[in-house]
Amino acid sequence: YPFASQNTRDFYNLMDVYLDAVFFPSLDYLDFRQEGHRLEFETPDNPESALVHRGVVYNEMKGAMSAIHSRVWDRLGYHLYPTTTYHFNSGGDPEHITDLTHEQLLQFYRRHYHPSNAIFMTFGSLPLEDIQTRIHEQVLCQFKADEQPVSIADEKRYYAPVRVQESYPLNEEDLSAKTHHVMGWLLGRSDELEEVLEAHLMTNVLLENSASPLMQALETTDLGQTPSALCGLEDSQREMLFVCGLEGSEPDHANAFEELVLNVLERVARDGVPSERLEAVLHQLELSQREISGDSYPYGLQLMLATLSPALEGVDPAAYLDLDPVLERLREKIREPDYLPGLVKRLLLNNPHRVRLSMQPDRELASLQEKAGVERLERVRQKLSEQQKQKLIEEAAQLAERQTRKDPVDCLPRVGREDVPADLSWVEPENRSANSPFVGYGRGTNGLVYQQVIRALPEMNEDETFLLPLLAYLLPELGLGSESYLEIQERQSAISGGLNAYFDIRTPAGLVTPGNSAEGIMVYSAKALARNAGKMTELLVSTSENARFDEHQRIREMLALLSSRKVQGVPNNGHGLAMSAASQSLNPVSGLSYRSSGLAGIQKLVKLVGEISTDKQALASLADQLAALYQRISAQPLKVLSIAESERLPELRCAWPADWLKGAAGGAMPGKISLPEKPAESGLAWQVNASVNYCALAFPTVTGQHEDAPALTALSGVLRNEFLHSAIREKGGAYGGGASQNNGEGVFRFYSYRDPRLGETLDDFRRSIHWSLEGGIDEAVLEQAILGVVSSLDKPRSPAGEARHAFHSDLFGRGHEYQTRFRERVMALQVDHLKEVASKYLLDKPGCVAVVGGDQVATKAADLGLSLKRLEV
């Protein structure tokens, strides 16, 4: 149960709430029916209507298991761990969630949620004595030690490999090349640091990039389309798991796939790998040890979660974090030519606890499962006595009454506006001049250097805007100059922590309402240990200037991989894709995002990959188009960014080629782009391979420059927390729902996530608007919304992340002054401000609807007045 705060009072408030929630929860029966599962009549007070299963977790896991990767992982664990807890789906198999009773939940809680089974971790500057005293007084003193704490045994080992073939539901006409093959090995304990690092060493040697022997074989084989997204090492469980696999294969390729993998392992065990490759892998481990991360998740929590598994086994977490001594021992070991071959033999080739799982698609399976479920519920309904029917009706009414009751939130400890720091923290560059594109930030990076080359984007036509995300994805994967992509992959691994490229297109900061103009950049980004900074600079310059597009087969393979990842990721990002589809008709920037990266872009990518997989001329033409766009970007003005300890900045500045910097200086930065006003469809229903829905409703508003933007941002938090959580999750049964104001695009968006409903959810979105104007917002609600917005503005980042955020905010005209002004407006908000913007931008406005889901979407699209589209894969 992780939590973090930079505010002392807030931290202790959170701690009090978490200790109470974990060790003294109510676990009420009605809450179990709401959050877990329940049996109800489809019309809750009509015993003649059909029986249905409802519940938040039930719908969540239906959505989670719509993703094929989730199914493959679940079934692989089922077979690799036949006797331990990892045999089971930790989130709950939807087929069996409905078997759980409230009493069983209580029994499980009493057995497992005892302090004797708990690990308490903290990170930060607060006095440990105060924290420990609080834990003792609130929890420990109220329990007696459990003489038999819960423990997990080592898994019973197989004496011979296991081979399994199963099916997954896929509602497609063409099921060819849709089978997934994976192989998994159970390895050693995750609480043995040296064993863990050895397993990582072996995994990275085999799979780190396209130059790695096993990854290269999986990428280039004709047995499937792309390597499995599950390839790698799982070390968070008691015993580690190594996985490799192929997607886009055929059922009868299973034996050939296994033979391919074993042949590669045997070759590595026989011939070894070059010592430079082993050094590069150790370099990656050293880099990960040194890096102070924390941009997406607080650094302290990352450290805790990284050491949680060994801590549960009684290992000192601090000792587990000290990698240097183990890395030194590994450096000695890799000098022995037999070390890596011996590792591959011991952990994989001579390890009989291996499972080969093949998951093939079945277009009838989903309908058969649904039919069986309906028939099972009908049999239950037929057997219900009048007394049992009445009980179901009464429990449904009790839950409905419970859901309308307002929780007594006054009992919760809170912070107020007075606890918010007065000033917004901001990082300024230490090395910058008007005559140079170089910008340097001095930060405590623990011996790492972060660098970026930033190019302005040129004017682009519609075809080029679609190619832009493909180009950004491909650039780190291509050869440079005379070097092949395999050589560049090895070079990246040896000198850097990886190189990536991305683009950023935004509405100009000066506009208060979105127009046709936009600003954009292409960014080439890398990090390295300080000793490799010069080589990293050379690599970045070369990537931004000398990428080669003649390796056509490589382009085809990587775009096939991208297409597969995009399609497989739809169930986990359905709400984002629905919001993109709903927003695309409201302004050109939103439309560009939808056509390049949204469902329209995914559909176009799938079609493109199909064309270039069979037509060499089409592939060559695409490569030429990508090269032409790349050359246009390479001719644009640039800036370079370096982030490191202050004393390193002068040396880093000199490492950039002076003539190169001088020749690219001047000109607009970011690049000015005119986006066409394209006729867009309003009201879309996208049918995808999913068993739940994702709904969105979008309204045009204003950008962050406008005086109404702070109120719209706070309003989104109010609607999310005070109305939509109850209506969409608690009453509607979706896993989540909410609202957000996109100040970059000037769009206000409602959304739901893993939702069993469609039209009712869209109605709830609009009802929330009326609620906000009919007395739903009071001073206490407003204050919590303000604190939520400010906390997102004041979000802590890593030392390098703070510099990157400041640089790119400044670059787009959204720097310290802009954000300080926005923050001050947020702090000054009153209830009337939120009501004004709700009435002005949302009330009785038509809005734009989009829904994403499975068969239910196809069935109800016409009734909802939506145009039906199907993601053809």
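The structure under discussion appears in the preceding block.
Residues numbered from 1 in each chain as written. Predicted model: local features only at pLDDT ≥ 70, side-chain atom pairs only at ≥ 80, totals over all residues. Heavy atoms only, no water.

### Quick word on the overall build of the chain
Here is step 1: When helices and strands are tallied, the chain shows 34 helices and 21 strands.
Here is step 2: Computed over C-alpha atoms, the radius of gyration of the chain comes to 28 Å, within 12% of the 29 Å expected from 2.2 N^0.38 for 873 residues, which places it in the range of a compact globule.
Here is step 3: Overall size of the chain, expressed as C-alpha extent along the three principal axes, is 80 × 70 × 65 Å.
Here is step 4: Of all 873 residues assigned to the chain, the portion counted as buried reaches 53%.
Here is step 5: Contacts spanning at least 24 positions in sequence make up 82% of the contacts within the chain whose residues lie at least 6 apart.
Here is step 6: Taken as a whole, the chain presents about 38400 Å² of accessible surface, with 50% of it coming from carbon and sulfur.
Here is step 7: Both charge centroids of the chain, one from 87 positive and one from 122 negative side chains, sit 2 Å from each other. (Helix = DSSP H or I, 4+ residues; strand = E, 2+ residues; numbered from the N terminus. Rg over C-alpha atoms; globule rule 2.2 N^0.38 Å. Buried < 20%, exposed > 50% of the residue type's maximum accessible area, 1.4 Å probe, protein only. Contact = heavy atoms within 4.5 Å. Areas by Shrake-Rupley, 256 points an atom, 1.4 Å probe, with all protein chains shown as cover. Lys, Arg positive; Asp, Glu negative; His and termini not counted. Charge placed at Lys NZ, Arg CZ, Asp CG, Glu CD.)

### Considerations on helix α22 (residues 574–583)
Here is step 1: Across the 10 residues that make up α22, a large majority, eight, are buried.
Here is step 2: Inspection of α22 places G574, L577, A578, M579, S580, A581, A582 and S583 among the buried residues, and these make up the whole buried set.

### Digging into the environment of H181
Here is step 1: By the element assignment, H181 lies in strand β4 (residues 179–189).
Here is step 2: Along the sequence, H181 and F822 sit 641 residues apart, while their C-alpha atoms lie 51 Å from each other.
Here is step 3: Setting aside anything within four residues of it in sequence, one finds H181 in contact with C244, G245, L246, S249, E250, P251, H253, A254, F257, L357 and S358.
Here is step 4: Side-chain polar atoms of H181 contact the backbone oxygen of E250, separated by 2.8 Å. (Polar contact = N/O pair within 3.5 Å; in protein donor to acceptor, adjacent residues only side chain to side chain.)

### A few points about unusual backbone geometry
Here is step 1: One non-glycine residue with positive phi stands out, namely L27, at about 50°.
Here is step 2: Tracing the sequence through the fold places L27 in the loop between α1 (8–23) and α2 (29–35).
Here is step 3: Located in the positive-phi region is D844, a residue other than glycine, with phi close to 60°.
Here is step 4: With respect to the helices and strands, D844 occurs in the loop between α33 (831–842) and β20 (848–853).

### Some remarks on the packing of aromatic side chains
Here is step 1: In total, this model carries 19 aromatic pairs according to the counting rule given.
Here is step 2: Relative to Y113, the ring of Y109 lies with its centre 4.9 Å away and its plane at 25°, an arrangement referred to as stacked.
Here is step 3: The exposure class assigned to Y109 is buried, which follows from its relative accessible area of 15%.
Here is step 4: Residue classification places Y113 among the partly exposed positions, given a relative accessible area of 28%.
Here is step 5: Look at F723 and W771: their rings are 5.7 Å apart centre to centre, the planes differ by 45°, and that puts the pair in the tilted class. You can see F723 sitting in helix α28 (residues 709–731) and its partner W771 sitting in helix α29 (residues 759–773), a full 48 residues away along the chain.
Here is step 6: A network of ring pairs unites the aromatic residues F3, F11, Y12 and Y18 as a single cluster.
Here is step 7: Above the plane of the ring of Y78 lies R75, whose end atom (NZ or CZ) is 4.1 Å from the centre.
Here is step 8: One residue, R506, lies across the ring of F812, its end atom 4.2 Å from the ring centre. (Phe/Tyr/Trp six-rings, centres within 6.5 Å; stacked < 30°, edge-to-face > 60°. Lys NZ or Arg CZ within 6 Å of the ring centre and 35° of its normal.)

### So, the pattern of salt bridges
Here is step 1: As enumerated under the stated definition, the model contains 56 salt bridges in all.
Here is step 2: In this structure, E172 and R870 form a salt bridge, with 3.7 Å as the shortest nitrogen-oxygen distance. Taken together, the residues E172 in the loop between β3 (162–169) and β4 and R870 in strand β21 (residues 867–870) connect sequence positions 698 residues apart.
Here is step 3: We note a salt bridge from E198 to K333, for which the minimum N-O separation is 3.2 Å. Residue E198 is located in helix α8 (residues 193–207), and its partner K333 is located in helix α14 (residues 324–333); the two are separated by 135 residues in the primary sequence.
Here is step 4: By relative accessible area, K333 is classed as partly exposed at 29%.
Here is step 5: In this structure, a network of salt bridges that share partners links the residues D154, R189, D191, R238 and E313. (Salt bridge = Lys/Arg side-chain N within 4 Å of Asp/Glu carboxyl O.)

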